[in-house]
Amino acid sequence: MNENQPVEIRRLTNSLFIQWKDGVESECTYRTLREKCPCARCDAVRNEENPLQILPTDEFWEKLQIVNIQKVGRYAIRIQWSDGHKTGIYTYDFLRELTV
Ligand SMILES: [Zn+2]
């Protein structure tokens, strides 16, 4: 049923490299991954039309790293970021869409 399965997930300097089971290789910058974080909190921030919202600085994006990647069942990974954020669960289908 779930055809998007990674055979390798590797952290590069500022992007995530994924080799998929069907041979496709994809890469996604940490910034894009984080900006698309599917957790409820980030989702709320994105949907909120708050003019006072504080946007992350360039320095934040330059320093942002992934400190841990944890498998969630057979369908997703949970990414833990260097700033402590770790509620985002990225399904393989979502990652595949992001990185095509
Ligand atoms: Zn999030």
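**Student:** I'd like a rundown of the side chain of N4, residues and numbers included.
**Tutor:** In this fold, N4 is placed in the segment before β1 (6-11). A residue is classified by how much of its surface remains accessible, and N4, at 17% relative accessible area, is buried. Only 2.9 Å separates the side chain of N4 from the side chain of D93, close enough to count as a polar contact. Apart from residues lying up to four places away in sequence, N4 is in contact with W20, Y92, D93 and R96.

**Student:** Requested: an account of the coordination of the zinc ion, with residues and values cited.
**Tutor:** In an ideal tetrahedron of four donors about a metal, each angle is 109.5 degrees. In an ideal octahedron of six donors, the angles are 90 or 180 degrees. Only C37 (SG), C39 (SG), C42 (SG) and H85 (NE2) from the protein coordinate the zinc ion, and they sit 2.2 to 2.3 Å from it. Every donor counted, the four donor atoms about the zinc ion form angles of 102 to 116° at the centre, which fits tetrahedral coordination. Counting along the primary sequence, the residues that act as donors to the zinc ion give the motif C-x1-C-x2-C-x42-H. Accessibility classification places C37 together with C42 in one group, the buried group.

**Student:** Quick rundown of the sheet that holds strand β2 (residues 15-20)? Include the residues and the values.
**Tutor:** Across a sheet, paired strands are connected by hydrogen bonds in the backbone, their directions being either parallel or antiparallel. The sheet built from three strands is open, its strands ordered β1-β2-β3 with antiparallel pairing. Taken across any chain shown, the strands that pair with only one partner, and hence form the sheet edges, are β1 and β3 (25-29). When the angles between neighbouring strand axes are averaged without regard to direction, this sheet yields 15°. In this structure, β2 lies alongside β3, joined through five bridges in antiparallel fashion. Bridge pairing links L16 to C28 in β3. Set on the sheet, helix α4 (residues 92-99) makes contact with β1, β2 and β3; between it and β2 the angle comes to about 110°.

**Student:** Go over the confidence of the model for the protein with me, naming the residues and quoting the values.
**Tutor:** Note that predicted coordinates carrying low pLDDT should not be read in detail. Confidence along the protein averages 91 in pLDDT terms, with 95% of residues attaining 70 or more. The weakest mean pLDDT in the protein belongs to helix α2 (residues 40-47) at 88; the strongest belongs to strand β5 (residues 76-81) at 98.

What counts and how
- Every chain begins its residue count from 1, and numbering advances along the sequence as written.
- At least 70 in pLDDT is required for a residue's local features to be given in this predicted model, at least 80 for side-chain atom pairs to be given and counted, and no such filter applies to totals for whole chains, interfaces and linings, which use all residues.
- With hydrogens and water stripped out, all remaining heavy atoms of the structure feed into the side-chain values.
- Here a helix means four or more residues in a row that DSSP labels H or I, a strand means two or more in a row labelled E, and each is numbered from the N terminus.
- A 1.4 Å probe rolled over the protein chains alone gives each residue an accessible area, and that area as a share of the maximum for its type sets the label: buried under 20%, exposed over 50%, partly exposed in between.
- For this analysis, a polar contact is any N or O atom pair within 3.5 Å, provided that within protein one partner can donate a hydrogen and the other can accept it, and provided that sequence-adjacent residues contribute only side-chain to side-chain pairs.
- The contact rule is simple, with two residues in contact once any of their heavy atoms fall within 4.5 Å.
- Note: metal donors comprise N, O and S atoms at 2.8 Å or less from the metal (3.2 Å for Na, K and Ca); water molecules are not included, so apparent gaps in a site are possible.
- Note on geometry labels: four donors, all angles 85 to 135 degrees, give tetrahedral; four donors become square planar and six octahedral when opposite donors are over 155 degrees apart and every other angle is between 65 and 115; remaining cases are irregular.
- Strands are labelled as partners when DSSP assigns at least two bridges between them.
- Axes here mean lines fitted to C-alpha atoms, for a helix over just the part in contact, with angles spanning 0 to 180 degrees between N-to-C directions.
- Across the chain, each position has a pLDDT score giving the predictor's confidence in that residue, from 0 to 100.

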